[in-house]
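So the chains spell out like this:
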Amino acid sequence: GHRSAAASLSVTTQAPLPATGPAYAYMLATTGRSFDDLQRHYMQIAAVSPTYFHLGPDLAIVGQDDPLVTGWARLRGIDVEPRVESQDPALLHTLLASDANRSDLVARISSLVAENGYDGINIDFEAGAATDRPLLTAFANELAQTLHAQGAKLTMAVAAKTSATLTGRAGFYDYPALAGIADRLFVMAWDLHWSTSPAGPISDATWVGKIIK
């Protein structure tokens with residue numbers, strides 16, 4: 001019949017098992033199914049690149065962090081290195097051809113990384129002109145130096161090629177130069193066949209072998 005004084009109780013749940021695998025995963029921020037995949041297979045993943053951001057027409061960084069995804073990954077020891085993407089040749093030329101535009105974007109990416117505590121950033125610039133190749137390298141060099149100074153990484157997506165071409169879509173990327181700048185390059189070894197091409201696989205071992213060689 002006696003009632004004790006009010007008391008509080010603090011409970012801590014058990015921490016999730018940390019990820020131990022070596023894989024680097026892109027995660028589509030536009031569909032919850034991709035996050036579902038991350039949750040199912042996270043033990044195999046060392047770093048994740050959520051597709052949070054892209055360049056707007058005025059070179060603004062458009063998009064936002066998803067605290068649920070970012071926090072979930074961090075809690076499991078997975079590095080978070082969001083993607084910044086553009087596939088607009090004219091927009092990329094406007095960015096890269098101007099020292100001021102390049103430096104301004106570098107500063108904004110640096111602030112984005114610092115504000116959100118990201119482990120790095122992934123640059124996915126596609127369809128740029130082959131003539132802008134040295135300008136992409138210059139941008140990557142400036143961004144890498146800035147990110148490395150704040151303890152963050154730079155990774156980049158590059159088009160697949162089977163020879164050291166200086167033309168076409170793949171001519172935009174100077175493999176040796178970018179390899180010496182970025183912490184990791186991702187060769188986009190897909191689209192060997194597509195929805196309107198002759199029948200065949202998106203990628204195959206023979207083609208990938210030629211790319212590696």
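These notes cover the structure that comes with them. (Residues numbered from 1 in each chain as written. Predicted model: local features only at pLDDT ≥ 70, side-chain atom pairs only at ≥ 80, totals over all residues. Heavy atoms only, no water.)

We now examine the packing of helix α3 (residues 89-96) against helix α4 (residues 99-116). Two quantities define a packed helix pair, namely the angle between the helix axes and the distance between the axes. For the pair α3 and α4, interaxial distance at closest approach is 6 Å and the crossing angle is 95°. By the criterion of interaxial angle, the relationship of α3 to α4 is roughly perpendicular. Here α3 contributes T94, L95 and L96 to the contact with α4, which in turn contributes N101, R102 and L105. Split by residue class, the contact of α3 with α4 holds 3 nonpolar, 2 polar and 1 charged. (Axes fitted to C-alpha atoms, helices over the stretch in contact; angles between N-to-C directions. Helix = DSSP H or I, 4+ residues; strand = E, 2+ residues; numbered from the N terminus. Parallel < 35°, antiparallel > 145°, perpendicular 65-115°, else oblique. Contact = heavy atoms within 4.5 Å. Nonpolar A, V, L, I, M, F, W, Y, C, P; charged D, E, K, R; others polar.)

One pass over the full model with this rule turns up 9 aromatic pairs. Each ring, one from Y26 and one from F186, has its centre 5.8 Å from the other, and the planes form 75°; the classification is edge-to-face. Residue Y26 is found in strand β1 (residues 23-27), and its partner F186 is found in strand β9 (residues 184-188); the two are separated by 160 residues along the sequence. Given a relative accessible area of 32%, Y26 falls into the partly exposed group. Ring centres of F172 and Y173 lie 5.2 Å apart, and the angle between their planes is 65°; on these two criteria the pair is classed as edge-to-face. (Phe/Tyr/Trp six-rings, centres within 6.5 Å; stacked < 30°, edge-to-face > 60°. Buried < 20%, exposed > 50% of the residue type's maximum accessible area, 1.4 Å probe, protein only.)

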